[in-house]
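Working through the structure, step by step
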Amino acid sequence: MDTSDYAIDVRGVTKKFGTRTVVNDIAMQVRPGEIYGFLGPNGSGKTTFLRMLCGLLTPDGGEGKCLGLDFRSESAEIKKRVGYMTQKFSFYEDLNIEENLDFIARLYGMSQRKVAVQKSLERLGMVERRKQLAGTLSGGWKQRLALAACLIHEPKLLLLDEPTAGVDPKARRDFWDEIHKLAADGLTFLITTHYMDEASRCNRLAYIAYGNLLARGTVDEVIKAGGLTTWEISGENLAALAEKIRGLPGVEQVVAFGTTLHVSGRDAEKLNASVSPLISGAQRWTKIESGLEDVFISLMETAKDNFS
Amino acid sequence: MRFNFQRFWAIVVKEFIQMRRDRLTFGMMIGVPMIQLILFGYAINSNPKHLPTAVYAADNSVFSRSFIWGLRNSSYFDLVREAHSPAEINNLLAENKVQFAVTIPVDFSRKLLRGEQPDLLLEADATDPSAVGFAQAAVSGLATTVLNRDLTGPLAKLQATAPPFNVVSHQHYNPESISQYNIVPGLMGVMLTMTMIMITGLAITRERERGTMENLLSTPVHPGEVIVGKIVPYIMVGYVQVILVLLAAKFLFNVPMLGSVPLLFLLVLLFIVANLAVGITFSTIAKNQLQAVQMAFFFFLPSLLLSGYMFPFRGMPGWAQDLGECLPLTHFLRVVRGILLKGNGLAETLPDLWPIALFLTVVLAIGIKRYRQTLD
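These remarks concern the structure in this document. What you see is a predicted model; the values in this text were computed from it and never measured.

Considering the overall build of chain A
- Helix and strand counts for chain A come out as 11 helices and 14 strands.
- C-alpha extents for chain A along the principal axes are approximately 70 × 45 × 40 Å.
- With 308 residues in all, chain A has 42% of them scored as buried.
- In chain A, the share of contacts with a sequence separation of at least 24, taken over all contacts with a separation of at least 6, comes to 69%.

Following this line, the structure appears as structure tokens:
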């Protein structure tokens with residue numbers, strides 16, 4: 001694939017706030033029509049990275065292209081082709097749905113404005129609610145409105161910053177179905193999220209912590225690269241067992257999942273040597289696939305030691 | 001539920017912590033009142049002295065010189081101009097260059113010597129009646145005493161009985177000293193200053209506080225488009241206020257409208273835009289809506305007190321007048337009073353138009369420079 005064909009192709013992107021480096025030398029390549037997941041703990045620099053891509057923040061370093069345009073010098077052009085959905089609902093609560101959409105359509109200088117607004121209302125099933133004030137919408141509807149507004153100028157790339165935070169599971173699932181439909185039509189998505197189920201619905205992922213890119217690839221690739229061995233323990237007295245296991249050599253994570261305990265570590269032998277003697281007869285000890293979440297938490301813990 | 005001291009104290013402590021965090025607000029609550037106390041305490045004077053006065057002395061005699069010396073000594077009058085014709089005097093009063101004009105007629109000393117009690121003309125710009133009252137009282141006192149030194153020997157009989165000459169006072173522009181004539185047109189400027197700055201001050205801070213600014217910045221919209229787009233609707237609101245004040249002035253207060261109302265309509269635009277620009281600029285500096293309101297108020301108070309709206313402009317010390325000259329309201333008051341009460345045209349208002357235009361340019365430049373197109 002030729003580099004100019006990427007929807008996003010940036011290298012060395014860096015942003016400092018004062019002396020603090022919030023985004024440190026990040027490279028990212030996203031193919032057109034791809035749903036790219038962007039994960040990382042709170043304050044890891046995800047939002048800052050998105051804001052730099054759409055020209056809301058000036059990068060301190062880096063180069064590359066966004067939709068074939070130089071992301072540092074041509075941000076005015078990029079803005080016309082990108083839809084950005086902010087983390088916090090940022091439309092006018094004292095305007096109704098239709099007025100909000102109409103306002104955005106005007107800002108983008110849409111020639112067929114009325115048609116675009118009507119189409120957008122229909123696609124998101126908001127035709128009957130068009131006169132409702134945006135401030136009175138529920139979380140799920142606000143999010144749909146925000147997505148509709150981002151799409152109105154028919155962008156090629158959508159940057160969604162935690163679009164499903166605070167949205168119920170059903171609305172979340174509908175939202176992701178919509179995104180997959182749009183991606184099938186050729187739209188590219190860069191989405192930040194904290195939800196593992198959403199991460200696994202992305203084509204590819206990148207994980208950042210403390211401004212540093214720690215892992216990237218498909219879900220399987222990321223899990224494999226994590227090199228984590230995970231054991232599942234079931235049985236009785238798990239809480240007491242968890243206390244005993246925590247901190248033993250080779251044990252990196254002990255997480256309670258309802259009636260089971262997940263114990264993981266990167267050194268499988270050490271982990272085995274530490275834990276197996278403690279397993280009593282009433283408890284069962286099976287090796288399982290490591291999950292994305294286990295890998296991310298492990299990455300984050302390691303990153304904390306290296307960067308902070 | 002009973003009043004619980006601990007719960008109450010929790011609120012008190014929390015309020016103090018928040019107050020301390022918001023440095024600008026805290027500064028405004030403590031610092032600004034101090035500045036204002038000192039500023040206004042020294043600046044405001046309701047018994048103005050040293051008022052600029054022009055003299056047209058057609059009769060240059062020892063008596064006229066003594067009278068002029070007496071004027072100067074009264075400390076109410078500063079002789080800043082020597083006029084050479086009655087027309088010049090009229091111009092000086094219309095253009096607000098002088099507050100008083102004294103005319104000593106040609107045959108003043110001749111009539112005086114004959115004991116005919118000649119008249120001296122004292123003309124006053126009485127648009128603001130409170131600026132001229134004390135000075136006029138001082139001048140009538142002068143008539144009986146100022147020539148005592150000159151009227152000696154054979155002339156001593158002239159000072160014995162009635163005053164040797166009369167001072168005829170003419171109050172121009174507001175002969176009946178009706179303060180509404182001065183206050184009502186002034187209120188137009190005061191209302192515009194307050195509402196225009198407050199409304200636009202909130203306009204951009206609200207976008208930032210509600211998070212809609214981030215969205216706006218991610219669209220292709222330019223700063224100029226945002227600023228001008230936010231100013232225009234309020235220009236219309238401003239004009240509604242102007243119309244209301246003018247209607248009230250005409251039908252409720254019977255304020256004379258000697259000059260051209262369409263001209264006033266045109267010129268008020270400059271003043272409205274200047275105030276809107278102040279509001280926009282404040283909102284690019286303020287972090288939240290509260291701070292924007294405080295800034296608006298911080299600007300409004302000196303505008304009210306140092307512009308000549310509440311207290312005579314010329315009663316203030318020189319430094320306060322200089323400060324007042326920087327405020328658009330000061331100049332607008334002269335424009336609106338000039339047009340309505342003096343019948344001034346464009347030529348007479350020009351000296352007060354360019355300072356407003358200059359103010360607008362400076363403030364707008366700061367505003368556009370401060371408006372950030374990014375979130376950096």
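There's more to say after this.
Brief notes about the packing of helix H11 (residues 261-285) of chain B against helix H14 (residues 328-342) of chain B
Residue and element names in this part refer to chain B.
- Contact pair H11 / H14: the axes reach a minimum separation of 11 Å and the direction vectors enclose 170 degrees. Here H14 runs roughly antiparallel to H11, going by the angle between their axes. The segment H11 lies against H14, with Leu263, Leu264, Leu267, Phe271, Ala274 and Asn275 engaging Pro328, Phe332, Val335, Val336 and Ile339.
- Across the contact of H11 with H14, the residue classes break down as 10 nonpolar, 1 polar and no charged.

So, the interface of chain B and chain A
- In this complex, chain B contributes 12 residues to the contact, which on the side of chain A involves 17 residues.
- Partitioning the side of chain B that touches chain A into residue classes produces 4 nonpolar, 6 polar and 2 charged.

Thoughts on the sheet that holds strand S4 (residues 119-125) of chain B
All names here are of chain B.
- The 5 strands lie next to each other as S2-S1-S3-S4-S5, forming an open sheet whose pairing is mixed. The sheet is open, and its two borders are formed by strand S2 (77-82) and strand S5 (166-172), each paired with just one other strand. Along the sheet, successive strands turn relative to each other by an average axial angle of 25 degrees, direction set aside.
- One ladder, built from 5 bridges, connects strand S1 (residues 51-57) with S2; its direction is parallel. In the sheet register, Leu51 faces S2, and the bridge partner there is Phe77.
- Across the sheet, helix H3 (residues 62-73) touches S1, S2 and strand S3 (100-104), and the angle it forms with S2 is around 130 degrees.
- Contacts from helix H6 (residues 129-145) reach S1, S2, S3, S4 and S5 within the one sheet, and its direction differs from that of S5 by about 165 degrees.

Describing the pairing of strand S12 (residues 253-257) of chain A
Residue and element names in this part refer to chain A.
- Where S12 and strand S13 (residues 260-265) come together, 5 bridges link them in antiparallel fashion. Among the inter-strand pairings, Phe257 is bridged to a residue of S13, identified as Thr260.
- Counting the residues between successive antiparallel strands, the hairpin from S12 to S13 contains 2 residues, one of them, Gly258, with a positive phi of roughly 60 degrees.

Conventions adopted
Residues numbered from 1 in each chain as written. Chains lettered and ligands numbered in written order. Predicted model: local features only at pLDDT ≥ 70, side-chain atom pairs only at ≥ 80, totals over all residues. Helix = DSSP H or I, 4+ residues; strand = E, 2+ residues; numbered from the N terminus. Buried ≥ 20, exposed ≤ 12 C-beta atoms within 10 Å, placed from the backbone. Contact = placed C-beta atoms within 7 Å. Axes fitted to C-alpha atoms, helices over the stretch in contact; angles between N-to-C directions. Parallel < 35°, antiparallel > 145°, perpendicular 65-115°, else oblique. Nonpolar A, V, L, I, M, F, W, Y, C, P; charged D, E, K, R; others polar. Pairing = 2+ DSSP bridges.

So yeah, pure geometry; function would need other evidence.
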